[in-house]
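Coordinate analysis (summary)
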Amino acid sequence: MDALAEQLDAKLREWTPATAGEVRDRVAEIIECADLDVLDLTRSRLVEQEVLDLLDESPM
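Residues numbered from 1 in each chain as written. Predicted model: local features only at pLDDT ≥ 70, side-chain atom pairs only at ≥ 80, totals over all residues. Heavy atoms only, no water.

1. Quick notes on the overall build of the chain
The following threshold applies: Working definition: helices are DSSP H or I runs of at least four residues, strands are E runs of at least two. Numbering for both runs from the N terminus. Between the two quantities, the radius of gyration covers C-alpha atoms and the globule rule is 2.2 Å times the number of residues to the power 0.38. Summary of the burial criterion: residues with accessible area below 20% of their type's maximum are buried, those above 50% are exposed, and those between are partly exposed, where the area comes from a 1.4 Å probe applied to protein chains only. The accessible surface values rely on the Shrake-Rupley method and a 1.4 Å probe; as for residues, cover is taken only from the protein chains in view. Charge counting treats Lys and Arg as positive and Asp and Glu as negative, with His and both chain ends excluded. Lys charges are placed at NZ, Arg charges at CZ, Asp charges at CG and Glu charges at CD.
For the chain, the helix and strand inventory stands at 3 helices and 0 strands. Helices (α) and strands (β) of the chain occur, in sequence order from the N terminus, as α-α-α. Computed over its C-alpha atoms, the radius of gyration of the chain comes to 15 Å, more than 25% above the 10 Å expected for a compact globule of 60 residues. Projecting the C-alpha coordinates of the chain onto the three principal axes gives extents of approximately 50 × 30 × 15 Å. Looking at the 60 residues of the chain, the share that counts as buried comes to 7%. Split by element, the accessible area of the chain, about 5400 Å² in all, is 57% carbon and sulfur. Charged side chains of the chain number 6 positive and 16 negative; the gap between the two group centres comes to 6 Å.

Listed below in structure tokens is the structure:
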């Protein structure tokens, strides 16, 4: 097994279930984008949501 995969496997067992679930979701998203050969075109959904949230905030 690749060293990165081994590290991910170990970390998924160490992290809280919520953190492990979030990491699994993001890794699955990256794998899907890589399979579609669109990694260079996509942004993390979380980053995109953070930007939208910032735009929705009213100026102080």
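2. Description of helix H1 (residues 3–14)
Operational definition: Here a helix's expected span is defined as the number of its residues, less one, multiplied by 1.5 Å. We call two N or O atoms a polar contact when they sit within 3.5 Å, provided that within protein one can donate a hydrogen and the other can accept it, with sequence-adjacent residues counted only if both atoms are side-chain atoms.
Compared with the 16 Å implied by 1.5 Å per residue over 12 residues, the 17 Å span of H1 between its first and last C-alpha is a close match. Sitting at the head of H1, Asp2 places a side-chain oxygen 2.8 Å from the backbone nitrogen of Leu4.

3. Digging into unusual backbone geometry
The backbone of Asp37 sits at a positive phi, close to 60°, despite the residue not being glycine. With a relative accessible area of 66%, Asp37 lands in the exposed category.

4. Digging into the environment of Asp2
Its place among the elements puts Asp2 in the segment before H1. For the pair Asp2 and Trp15, spaced 13 residues apart in the sequence, the C-alpha separation amounts to 20 Å. For Asp2, the side chain forms a polar contact with the main-chain nitrogen of Leu4, separated by 2.8 Å.

5. Here we look at helix H2 (residues 17–35)
Residues separated by three or four positions in an α-helix point in the same direction, a consequence of the helix having 3.6 residues per turn. With 19 residues, H2 should cover 27 Å at 1.5 Å per step; its first-to-last C-alpha distance of 27 Å lies within 8% of that length. Among the residues of H2, those classed as buried are Ala20, Glu29 and Cys33.

6. Concerning a negative patch on the surface
Stated formally: Each patch is built from salt-bridge-free residues with over 30% relative accessible area, joining like charges within 9 Å and nonpolar side chains (Val, Leu, Ile, Met, Phe, Trp, Tyr) within 5 Å. Whenever a carboxyl oxygen of Asp or Glu lies within 4 Å of a side-chain nitrogen of Lys or Arg, that contact is scored as a salt bridge.
A surface patch of negative charge is lined by Glu50, Asp53, Asp56 and Glu57. Structurally, Glu50 is set in helix H3 (residues 45–56). Given the relative accessible area of 43%, Glu50 is considered partly exposed.

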